[in-house]
Every structure is written in C-alpha cells, then in structure tokens.
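Chains, contacts and geometry: an overview
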Amino acid sequence: MHIAARSCVSALLACACFVAARAGTAASVAIVDVTVVDVAGGHDLPHRTVLVDGGRITAILRADGAHLPDGAERIDGRGRWLVPGLVDMHVHLFNTYSHRPPNAWALPLFVANGVTGVREMAADAASIAVLRQWRRETDAGERVAPRVLAAGIAGRAREPADAQAAVAAVAAAGADFVKVFSDVGAAQWQAILDAARARAIPVAGHVPASIALLDAAAQGQRTGEHLMQAYEACSSIEGVLLSERAGLAGEALVATRDAQEGRVLDAFDRATCRRIAHRLAASGQWQVPTLVLAWTEAHRGSAPHADPRWALLRADERERWTRILGEIAAHPDRLAQRRWQVSRAIVATWRRAGVPMMAGTDAPMPEVYPGFSLLDELERLVDAGLTPREALRTATLAPARFLGLEATSGTVAPGRRADLVLLAADPTRDIRNTRRIDAVLLGGRVLRRADLDALLQPPAMAARRTPR
C-alpha cells in the first residue's frame, strides 16, 4: 500500500483500531445456551453451546452438560439466536473513477451491522494490492473489517480485438473475475467472454444493454446485477428494444436504454416473466437484485443530512452524495415508483421459480449506507415475497455456495469459520430482528455490543480514541 493511502486508512479507521485493541482473540470462545439458526434446512437447534477455537467452530453441544474449555471466553446465549456472518455480494470499496482514497471508512460499518464478508465489484490492479494488505491486517487482528471474499476488475474493450489484452490484464492483477458493465457492445462482450473462458476466469456484473438476459446466462456470464436486462426480459417487447440498440456501445447504448425505460416498465408482463424465470433458474446464472437501490430511489427523502448516519461518512463521500442528490432533486426520477413495483414483482417471480439469488447493495451509492443497507436489502427481499429464512440464505449460504466456500462458510456448523452474529430476537420470525445485534464474531474475535457501538462513531470522534 502506498504511504499516502496507508496514512489515510489509519486516520479513517482509528475507531476500528481502537476496537481491535480491545477485542483480541481469546484462546477459545463458548456461546452458551443459544438457538442455532439453520439457514439451510430450517431445523433450528435450541439450547446449544457453540465452541470456537482458532477462529473455527469446533463443536455444537447440548447446553445441558456441555463442558466448557478452561479459559474460554463465555458469551451468554440465553434467549438469543446465532446466525452465520452476513455477506454483501455487491459493494464498492474503491473509487477508481474519481481517484479518491479507498472507502476504508466503510469497513467498520459493515462489521457493526453483522456483515463479515463482501464482494468487491470494481477494483483495479492497485486496489488488489490494498485488499491483500487489509486481509493481512484483519487476520492479524490489527483491523476490524469484513473479509473481501472476491474482487473483480472491469474488462474494457473498445473493439473485440482488445478483449484478449483486457482480460489478460485482469488476470495478471490477481482479480477473481472480470466485471462487465451496461455499456459493453454485443461483439465486445462476446469477445470478453471468449477470452475469459480461455483463461478460466469468470465474468460477472451487469448484463450489458446490448444482450438479452437469457443469452447472457446461456453464454456463461455468472451473475446478473441490479436486474439489468431483467426488466426487458420480463416485458412483452424485449425483441423490439434490443433491435433498437443493435450495433450500439458505450454512451450511445446506455442513453438509448435509458430513453426506453418508460416503455419497458409499461410493458411488464407477468406471464412472460414466469417463462423467463423458469429458464433462468435452469441456466445456472445467479442474480444479485440490489432491491435496496430501487426502494431508495422510490422513497428518497428531502433531507439526507438529517440522517444520524450522515456523520459516519467521510467528508469527501458526503460531498459526493450532496452533489449527486442535488442533481437528482433538480431532475426528479419520475419512473422511480414504477421501477420499484416492477423490481419487486420480478424478484417475487424469480423466487417462485427457484432462481438463485444473493443479497447485495451497491454501497456506498447515495443513501445506501454500508452495512446498514445489507439489512435493508434483506427487508426488501421479504417485501418481494421471500420468507425471512430465505432472505437470510441470500446473505449466508447462497454466497458461500456461489463462491465455492460452502465447506468453510455460510452455515453454523463444526469446521466452519467463526464468522457469526448473535441476535437478541428470532430473525426467522421477523427479518428486522437482524438489526438486534448483541455480538459479532469475526474469525473467532469477539466484538460485543459496546465494541460494535464504538465502531459507529463519527471519524472525528474516533480519531480522538486512537491508542498511542
């Protein structure tokens, strides 16, 4: 990490460093007499004692008669529920466009909200080096931060012939996948997919505005983000819309798509969406709907500065949000309410068809607060028809399966990494209970409620609490 970046990170994460100093790693931990939530099969286990050692769950025992290891840190689990650490599968920790410092200020906010893992969606080669440093510091107990479970770098190709070099650069930087955006032309997108397939590196991201959703799934794009092209696929006019975009790329492609949006939303057709959903479920492509974006756009307040979380943003982030929100106020989004209604209907249809989905937020988009917004997303998924347990699964077991980490993450079971959230109320009855966090275990490190509250201090106050 560059010296300037390290200095910036140190100042912005002062509070996280303070908590790290207090919340060291115990030799072992025992969560006593807790209900273990089974996100996979729905068979919750009440009155269990969960033993943790070396950052892993070592045993789950009946509470009556369970022997606690000598010296274990004891956590009272009576009347509480234990769930796997949550994962936000669509975040932005770097500002590769504006060249501002990394969003290190967001890391403790994720953890304070029970988010112990994230997927970074727009890194670059320099960012990958920063991520490696963050991982080392987190593993050493020097930083309170979620694990970055995967990171992607954009594959940019002006012409199809540029795709080989673009994908090679992504692979050389050590990224986990090639990210594609909405402005990629059809020929360029196909060339990127071919080049990535040759190097065995996945392609994920927006389904480009030049491509039909099912075509992207059939060709092997691993994820679709933000419902991109789902609106078109669930309309009665997808073919017409794509024909109007034929041959376009870049700004011209996105501008044409945006100009069509009113027609797209008006043409939403439930029967078409059901047919698409069944084929999408069979394709193997995963969806990250980020419903919180559509909901926020439809319910945007007039005074974001009045939100008590505003003080948690870094100064340059507040400036960015103020500028963007000012532009939105000057040009109101007249389609926002309809977009939210259609978004919810699409996800409800996908849920019934068994389309695999994961929770993601696009934080820190304006008014999408890191960590807090993942809990918002779970509520929005329930609004769209998922049960609370199904919503929990999108942020726990589903990411683990998608990332090939199911043997070590995503459930509360022996051998799994001890990324855990202790809740004061049952989240399977009311998903809003995910906000009632008593403690978080981050790789076995215990952060109790007081530690989590310390993470939610404004940067200026946190700086005064940095240990010397």
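In this text, all values refer to a predicted model and were calculated from it rather than measured experimentally. (Residues numbered from 1 in each chain as written. Predicted model: local features only at pLDDT ≥ 70, side-chain atom pairs only at ≥ 80, totals over all residues. Heavy atoms only, no water.)

**Digging into the pattern of salt bridges**
Inclusion rule: Put simply, a salt bridge is a Lys or Arg side-chain nitrogen that is within 4 Å of an Asp or Glu carboxyl oxygen.
Overall, the coordinates contain 32 salt bridges when judged by the stated rule. The closest approach of N and O atoms between Arg78 and Asp76, which form a salt bridge, is 2.8 Å. In this structure, a network of salt bridges that share partners links the residues Arg100, Arg314, Asp316, Glu317 and Arg320.

**A look at unusual backbone geometry**
For clarity, the threshold we go by: Per the convention used, a helix needs a DSSP run of H or I reaching at least four residues, while a strand needs a run of E reaching at least two, with both numbered from the N terminus. Relative accessibility under 20% of the residue-type maximum defines a buried residue, over 50% an exposed one, and the middle range a partly exposed one, all with a 1.4 Å probe and only protein chains included.
For the bond running from Ala363 to Pro364, omega is 5°, close enough to zero to count as cis. Among the structural elements, Pro364 can be located in the loop between α15 (336-353) and α16 (372-383). Positive phi, normally seen in glycine, also occurs at His47, with a value near 55°. Position of His47 relative to the elements: it lies in strand β2 (residues 45-53). In this structure, Asp362 is a non-glycine residue whose phi angle is positive, near 70°. Residue Asp362 is classed as buried on the basis of its relative accessible area, which comes to 8%.

**A short note on the side chain of Glu120**
Quick reminder of the rule: When charges are counted, Lys and Arg are positive and Asp and Glu negative, with His and the chain ends excluded. For the purposes of these results, a polar contact is taken to be a pair of N or O atoms within 3.5 Å, where, inside protein, one atom must be able to donate a hydrogen and its partner to accept one; residues adjacent in sequence count only when each atom of the pair is a side-chain atom.
Relative to the helices and strands, Glu120 resides in strand β7 (residues 115-123). No salt bridge is formed by the buried Glu120, whose closest oppositely charged neighbour, Lys179, lies at an N-O distance of 7.6 Å. Here the side chain of Glu120 touches Ala122 through a polar contact of 2.8 Å, landing on its backbone nitrogen.

**Points about the state of the cysteines**
Each disulfide consists of a covalent bond between the sulfur atoms of two cysteine residues. Worth spelling out the cut-off: Any pair of cysteine sulfurs within 2.5 Å is marked as a disulfide.
Across all of its chains, the model carries 1 disulfide by this definition. Residue pairing for Cys234: its cysteine sulfur links by disulfide to Cys273, the two sulfurs lying 2.2 Å apart. On the sign convention where negative means left-handed, the S-S torsion of about 55° between Cys234 and Cys273 marks this disulfide as right-handed. Pair noted here: Cys234 is in the loop between α8 (230-233) and α9 (238-245) and Cys273 is in helix α12 (residues 270-283), with a separation of 39 residues, a long-range link. Taken as a pair, Cys234 and Cys273 share a single burial class, namely buried.

**Section: the environment of Glu317**
Going by this rule: Residue contacts are counted whenever heavy atoms from the two residues lie within 4.5 Å of one another.
Mapped onto the elements of the fold, Glu317 is located in helix α14 (residues 315-330). Each C-alpha atom of the pair Glu317 and Arg100 lies 9.3 Å from the other, and the pair is 217 residues apart in sequence. When near neighbours in sequence (up to four residues on either side) are disregarded, Glu317 contacts Arg100, Asn103, Trp105 and Pro364.

**A few points about the nonpolar core**
Our working rule: Nine residue types can take part in a nonpolar core, namely buried Ala, Val, Leu, Ile, Met, Phe, Trp, Tyr and Cys, and a core is a set of them joined through side-chain atoms within 4.5 Å.
In terms of nonpolar packing, the biggest core is built from 104 residues, with Leu93, Ile192, Ile346, Trp350 and Leu378 touching the most fellow members. Here this core gets 8 residues from one element, more than from any other, and that element is α15. One finds Ile57, Leu420, Leu441 and Val446 within the second-largest nonpolar core, a separate group that totals 16 residues.

**Describing the environment of Ala161**
Within the secondary structure, Ala161 sits in the loop between β8 (147-154) and α5 (163-172). Classification of Ala161 by relative accessible area gives exposed; the value is 69%. Considered as a pair, Ala161 and Pro289 are 128 residues apart in the sequence and their alpha carbons are 32 Å apart.

**What about the packing of aromatic side chains?**
Rules: When the centres of two rings from Phe, Tyr and Trp lie within 6.5 Å, Trp using its six-membered ring, the rings pair. Their planes under 30 degrees apart give stacked, over 60 give edge-to-face, and anything left gives tilted. Placement of a positive charge over a ring is assigned whenever Lys NZ or Arg CZ falls within 6 Å of the ring centre and within 35 degrees of the normal to the ring plane.
What the rule picks out here adds up to 5 aromatic pairs. For the pair Trp286 and Phe402, a centre-to-centre distance of 5.7 Å together with 65° between the ring planes defines the contact as edge-to-face. In this pair, Trp286 is assigned in strand β12 (residues 286-288) and Phe402 in helix α18 (residues 397-402), connecting sequence segments 116 residues apart. According to the relative accessible area criterion, Trp286 is buried, its value standing at 15%. Taking relative accessible area as the criterion, Phe402 reaches 12% and is therefore assigned buried. Their ring planes at 80° and their centres at 6.5 Å tell us that Tyr369 and Phe372 sit as a pair that is edge-to-face. Every member of this aromatic cluster is reached through a ring pair, and the members are Trp310, Trp321, Tyr369 and Phe372. The ring of Phe177 has Arg119 lying over it, and the distance from NZ or CZ to the ring centre is 5.5 Å. Directly above the ring of Trp295 sits Arg380, whose terminal nitrogen or CZ lies 4.5 Å from the centroid.

**Observations concerning the confidence of the model for the chain**
Defined as follows: Confidence scores per residue from the predictor, reported as pLDDT, run from 0 to 100.
Mean pLDDT over the chain works out to 92, with 92% of the residues at or above the 70 mark. With pLDDT under 50 throughout, residues 460-468 is counted as low confidence; its partners more than four residues away or in other chains account for 10 contacts.

**Describing the sheet that holds strand β6 (residues 86-91)**
Applied cut-off: By the convention used here, strands pair only if DSSP detects at least 2 bridges between them. Fitting a line to C-alpha atoms yields each axis, with helices limited to the stretch in contact; the angle taken between N-to-C directions then spans 0 to 180 degrees.
Taken together, 5 strands build an open sheet; the order of strands is β6-β7-β8-β9-β10 and the sheet is parallel. Lying at the two open borders of the sheet, with one neighbouring strand each, are β6 and β10 (203-205). Strand after strand, the sheet turns through a mean of 30° between neighbouring axes, direction not considered. As defined by bridge partners, β8 adjoins strand β9 (residues 177-180) across 3 bridges and the pair is classed as parallel. Each bridged residue has a counterpart across the sheet, and for Ile153 the counterpart in β9 is Val178. Of the strands in this sheet, β7 and β8 are in contact with helix α4 (residues 125-139), which crosses β8 at around 175°.

**Brief notes about the packing of helix α13 (residues 291-298) against α16**
Rules: Under this scheme an angle from 65 to 115 degrees is roughly perpendicular, one under 35 degrees roughly parallel, and one over 145 degrees roughly antiparallel; angles in between are oblique.
The N-to-C vectors of α13 and α16 enclose an angle of 90°; their axes lie 8 Å apart at closest approach. On the basis of the axis angle, α13 is roughly perpendicular to α16. Two secondary-structure elements touch here, α13 through Leu291, Val292 and Trp295 and α16 through Ser373, Asp376, Glu377, Arg380 and Leu381.

**Structural notes on α5**
Heads up, the condition is: Of all possible arcs, the one meant is that of the directions from the helix axis to the C-beta atoms.
Along α5, the residues classified as buried are Ala163, Ala166, Val167 and Val170. Around the axis of α5, the buried residues are gathered within 90° of arc, so they sit on the same side. Opposite its buried face, α5 presents the exposed residues Ala165 and Ala172, each directed more than 90 degrees away. Packing partners of the buried residues in α5 comprise β8, β9 and α6 (186-198). A positive backbone phi angle near 90° is found at Gly174, which sits one or two residues after α5.

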